[in-house]
Every structure is written in structure tokens, then in C-alpha cells.
Amino acid sequence: MASSKSPMDPHYLESRLRHLEAIHQALGDEIAALRMMLKEFGLSIFIGTIDPSPPYAATTKPEAAPEPKKKSVKAAAYEGPPSKEQFEEARRVVMDGYTPDRPGDGDRLLKTIVYRLLDGSSKGFKSADLPSARTVAMYLIEQAGLRSGPGFRDGKLRSLLKKFVPFDPIDSIRRLPR
């Protein structure tokens, strides 16, 4: 049978905490009274003592205003839809090393590569071309008349791309060595 004075008993812990808080409050009151005497009588023996911390229940607000949060570089890259220049640069990065098998398949090849990069990202496979693939996907989605933004993760971009930017994916893609 466990004793009621056990250190693990919740009632004992609560009563012990209340007792220590009462001692803390009494010490704080005594220190405050001694500081008042210091001011009243000009005593100098208390110089160099430390201020007691406030009681456990009391909280103080910081005197300085919190600094405004800075926008991250990643969030700044997603502001607004990508421009035509950003799209062209991202398209060049994504298509580097790929050549379409048939003339006129360049757009289909681009969409297939972007879709595969976004799909790999959701499965945990990261690529250096992933930011460019996101830019291309957002541009194509915007061109389809939909909005994309910072809250759109790779899976959402992939599903919007598949649903609103119709294309027939290429099954076999060859990439030339870089």
C-alpha cells in the first residue's frame, strides 16, 4: 500500500508546491520590506543583492515589442504567378538534356517531366530541378485560368496539372548525359 506522503502522489506534490510558493511569496515580501527600509533610512548594506523572481503564478509581459517576422526567400519565390521570363528559364532548366523523339512533342515532354518531378517529390525523391518544375507547373496552371500560390504543395500542383492542363504523358523518356 502506498503512503500518502510518497513523492509520486499527486496530492503530496500539489501540497508541497503550494508550501514552496508560500515560502517564496514570504521571502519576496520580506525582501521588498528591506528594500523599502533601504530607501527610507539610506542604508547601504543591501547594495549588490539580486532581485527575486516573481511568484510562479505571476507572468510579466516583455517590455520590447516583438520584431516583425521576415519573409523567407522560399515564400518570396512563390509571390504571384510566375512571369513569362521565369517560365522560360525554368523550362530551360527542366528540359536540359531531354530531346523529343518526334517533332511537336516538346510541350508534351515538358509536361511529362514536370509531372514526374512533382510526383517524385511527393514520394520523397528530391531533384535539383524541382523548384523549376514547380515554376513551370504554376505557370501552366495560371495559363489554364486557375490560381496557384504558396499553399499549393507538390501533390496539389500535380493534381491540378493532371486535371486542368490535359496532356498525354510520354511513357519512355531518354535523357542525354549532361
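Residues numbered from 1 in each chain as written. Predicted model: local features only at pLDDT ≥ 70, side-chain atom pairs only at ≥ 80, totals over all residues. Heavy atoms only, no water.

Next up on the list: the pattern of salt bridges. Under the counting rule described, the total for this entry stands at 4 salt bridges. The partner of Arg18 in a salt bridge is Glu14, with the nearest N and O atoms 3.6 Å apart. Taken together, the positions of Arg18 and Glu14, both in helix H1 (residues 10-41) and 4 residues apart, correspond to about one turn of that helix. Between Glu21 and Arg18 there is a salt bridge, and its shortest N-O distance comes to 3.9 Å. Residue Glu21 and its partner Arg18 are both found in helix H1; the two are separated by 3 residues, about one turn of the helix. Residue Glu21 is classed as partly exposed on the basis of its relative accessible area of 23%. A single salt-bridge network, built from bridges that share partners, covers Glu14, Arg18 and Glu21. (Salt bridge = Lys/Arg side-chain N within 4 Å of Asp/Glu carboxyl O. Helix = DSSP H or I, 4+ residues; strand = E, 2+ residues; numbered from the N terminus. Buried < 20%, exposed > 50% of the residue type's maximum accessible area, 1.4 Å probe, protein only.)

Along its 12 residues, helix H3 (residues 84-95) runs 16 Å from first to last C-alpha, staying within 8% of the 16 Å computed at 1.5 Å per residue. Every buried residue of H3 is listed here: Phe87, Ala90, Val94 and Met95. In a view along the axis of H3, the buried residues occupy a sector of 125°, so they form one face of it. The outward face of H3, more than 90 degrees from its buried face, is lined by the exposed residues Glu85 and Arg92. In this structure, the buried side of H3 is in contact with helix H4 (106-122) and helix H5 (130-143). Positive phi shows up at Gly97, right after H3, with a value of about 95°. (Expected span 1.5 Å × (residues − 1). Arc of directions from axis to C-beta. Contact = heavy atoms within 4.5 Å.)

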